[in-house]
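A closer look at the structure
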Amino acid sequence: MRPMQDPLLQRSLKSVWHPCTQMQQHDTGALPLLPVARGEGPWLIGTDGQRWLDGISSWWVNLFGHCNPRINAALRDQLETLEHVLLAGCTHAPVVELAERLSVLTNGELGHCFFGSDGASATEIALKMSAHYWRNVGRPEKNRFLCLAGGYHGETMGALGVTDIAIFRDAYAPLIRAATVLPSPDSRNGPDAARAAADALAAHLEAHHSETAALIVEPLVQCAAGMAMHEPEYLRLARALCDRYEVHLICDEIAVGCGRTGTFFAHEQANIRPDFLCLSKGITGGYLPLSVVMTREAIYAAFLDDATARGFLHSHSYTGNPLACRAALATLDIFAQDNVLAANVALGDRIDARLRPLAGHPRVSHYRRRGMIFAFDVETDPGFGRRYYHTALQHGVLVRPIANTVYLMPPYTLDEASMDHLCNGVAKALEVALTP
Ligand SMILES: *Cc1c(COP(=O)(O)O)cnc(C)c1O
């Protein structure tokens, strides 16, 4: 276990309120706080030189390792050029180039990019844009939202309204305008899960389409729910229903975009295009907060008018920050130069071959993989997640189970040795943690 004498730990506990954390667990030492001094590729290096392999890409953001030389170089150059300028009334090369390149990745179908600061702000933007679109086209009653059971779209108030994770939402329920929660296509619900979920969506839309603005989904993998995976078939059916009933489809690819599921965008695997696409997390390679909501020409056009109030007046101070955009451009360069999607097929297969034998463990069920996401459920007691986290750290691996689901979402840059280290650590921690 981490020695608590590192003065940084004591100072952190006195002054920093850590996210998604019951701070008392740190205060009592029940949960170790890791003092991280440096990052090096997939490794995090502690103040005392201890090394942990970042098996979850620092909350799913880091694609090409920590302190990546190419992203660092792009940022140094940008620092000497322009650190920031407001995006209202001004523009700059990094934001234009990023919007153009992202648009090309959607074949030009989502040609308009609105920038925000983080994932939750992207969700807010997509929801507001959808409802405002319907208001602008004379159908203001279309202002309700649909989301899926177990869905997660961020933790600001609007985003919590379309989030179905009780531990994040319940304390704030009185403050939130809740969306309608529809059944999830989670494949663990059986072979007909996609069709059953689509049938439920159809029934709801049939009755309520006239007051519905949009359906928001996490395509292919509901990550925060515990890596709940579904078939692309659901997305195809949902797209067709949204078209039929004139309801927007919002794809929240904040976690599953940027190559995580095997294609650059997860929705590509269903051969569909959403009306709004939300990106964040990996878009800057895990360097800087940036999010973007991409949408279609027809939606953009509905906001053009002499009246200022028909415009989309949403803003964040750091919208389109040049440093963040440069990090994103450097990230897209790496995708192109290193043919990352193809390389990930091979890397993912190698990791899969190492982890899949765990599926035979008597306490493991639903081993699953989509692209560079690997997960399995463990039949155990509620204390398992904490024990697993501790044990994995002792084996030099940083993983944070979600309830009884162990998952890996590693950076795309693992070499053979770091992959070995990661897969061995995951298997060893399972054996130890299963003993309460
Ligand atoms: C992380 C996440 C968000 C929220 O992003 P933040 O940057 O944490 O606000 C929204 N949607 C999904 C699917 C996410 O995984």
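Residues numbered from 1 in each chain as written. Predicted model: local features only at pLDDT ≥ 70, side-chain atom pairs only at ≥ 80, totals over all residues. Heavy atoms only, no water.

1. So, the sheet that holds strand E15 (residues 397-398)
Stated formally: Note on pairing: two strands pair once DSSP finds at least 2 bridges between them. By definition, any uninterrupted DSSP run of H or I lasting at least four residues is a helix, any uninterrupted run of E lasting at least two residues is a strand, and each is numbered from the N terminus.
Taken in spatial order, the four strands make up an open sheet running E1-E2-E3-E15, and their pairing is mixed. Two strands in the sheet have a free side with no partner beyond their single neighbour: strand E1 (36-40) and E15. Where E1 and strand E2 (residues 43-46) come together, four bridges link them in antiparallel fashion. In the strand pairing of E2, Glu40 is matched with Trp43.

2. Observations concerning the nonpolar core
Note the following rule: By convention a nonpolar core is built from buried Ala, Val, Leu, Ile, Met, Phe, Trp, Tyr and Cys residues, the set being connected through side-chain atoms within 4.5 Å. A simple rule labels every residue: compare its accessible area, found with a 1.4 Å probe on the protein chains alone, to the largest value its type can have, and call it buried under 20%, exposed over 50%, or partly exposed in between. Where each domain begins and ends follows an automated or database-derived domain assignment. Any two residues whose heavy atoms approach within 4.5 Å at even a single point are treated as in contact.
Ranked by size, the top nonpolar core spans 101 residues in total, and within it Leu215, Tyr234 and Tyr388 carry the most contacts. Considering each element in turn, this core owes the most residues, ten residues, to helix H12 (residues 322-337). Here this core spans two domains, since at least three of its residues come from each of domain 1 (34-67 + 340-434) and domain 2 (72-337). With residues up to four places along the chain from it excluded, the contact list for Leu215 reads Leu146, Cys147, Leu148, Leu201, Tyr234, Ala238, Cys242, Val247, His248, Leu249 and Ile250.

3. Notes on the site of the ligand
The test is simple: A single heavy atom is enough: if one lies within 4 Å of a molecule or strand, its residue is considered near that molecule or strand. Polar contacts, as used here, are pairs of N or O atoms within 3.5 Å; protein pairs need one atom able to donate a hydrogen and one able to accept it. Residues neighboring in sequence count only if both atoms are side-chain atoms. All residues other than Ala, Val, Leu, Ile, Met, Phe, Trp, Tyr, Cys, Pro, Asp, Glu, Lys and Arg, Gly among them, are scored as polar; the first ten of these are nonpolar and the last four charged.
Around the ligand, the structure places Trp60, Asp118, Gly119, Ala120, Tyr152, His153, Gly154, Glu218, Asp252, Ile254, Ala255 and Lys281. Contact between the ligand and Gly119: an oxygen atom at 2.8 Å from a main-chain N or O atom of the residue. Here an oxygen atom of the ligand sits 2.8 Å away from a polar atom, N or O, in the main chain of Ala120. Along the lines of polarity and charge, the residues of the shell around the ligand split into five nonpolar, three polar and four charged.

4. Observations regarding the domain arrangement of the chain
Here is the rule we go by: For any pair of parts, buried area is found by adding up, for both, the accessible area (1.4 Å probe) each one loses once the two are put together.
When the domains of the chain are assigned, the result is domain 1 (34-67 + 340-434) and domain 2 (72-337). Distance between the C-alpha centres of domain 1 and domain 2: 27 Å. At the interface, 26 residues of domain 1 touch 29 residues of domain 2. With both sides pooled, the region where domain 1 packs onto domain 2 buries about 2400 Å², and carbon together with sulfur makes up 64% of that total.

5. Here we look at the sheet that holds strand E10 (residues 248-252)
Basically, it comes down to this: Here an axis means a line fitted to C-alpha atoms, over the contact stretch when the element is a helix, while the angle between two N-to-C directions is reported on a 0 to 180 degree scale.
Sheet architecture is open: seven strands sit in the order E4-E12-E11-E10-E7-E5-E6, paired in mixed fashion. The sheet terminates laterally at strand E4 (112-116) and strand E6 (180-182), the two strands that pair on one side only. The mean angle between the axes of side-by-side strands here comes to 20°, regardless of whether they run parallel or antiparallel. Examined bridge by bridge, E4 and strand E12 (residues 291-295) share five bridges and lie antiparallel to one another. Across the sheet, Phe114 pairs through a bridge with Val293, a residue of E12. Most of the contacts of helix H6 (residues 119-136) go to E12, to which it runs at about 25°, and overall it touches E4, strand E5 (144-148), strand E7 (212-217), E10, strand E11 (276-279) and E12.

6. Here we look at empty space enclosed by the protein
Definition in use: Cavities and pockets are defined on a 1 Å grid built over the protein atoms alone: a cavity is a set of grid points where a 1.4 Å probe fits but cannot escape, while a pocket is an open set with protein on both sides within 12 Å along at least five of seven lines, and lining residues are those with an atom within 4 Å of any such point. Grid points are joined across faces, edges and corners, and a volume is the space filled by probe spheres set on the points.
A complete count under the given rule lists one cavity of 30 Å³ or more for this structure. Here the largest cavity defines a volume of roughly 30 Å³. Leu355, Phe374, Ala375, Phe376, Val406, Tyr407, Leu408 and Val426 are the residues that line the largest cavity. For the lining of the largest cavity, the secondary structure elements donating two or more residues are strand E14 (373-378) and strand E16 (405-408). When grouped by side-chain class, the residues that make up the lining of the largest cavity number eight nonpolar, no polar and no charged.

7. Some thoughts on the layout of surface pockets
Here the second largest pocket defines a volume of roughly 340 Å³. His112, Cys113, Phe114, Met129, Val293, Thr295, Ile299, Tyr300, Phe303, Leu304, Gly311 and Phe312 together form the lining of the second largest pocket. Within the residue set of the lining of the second largest pocket, elements represented by two or more residues are E4, E12 and helix H11 (297-301). When residues in the lining of the second largest pocket are grouped by element, the largest group, three residues, is from E4. Residues of the lining of the second largest pocket, tallied by class, amount to nine nonpolar, three polar and no charged.

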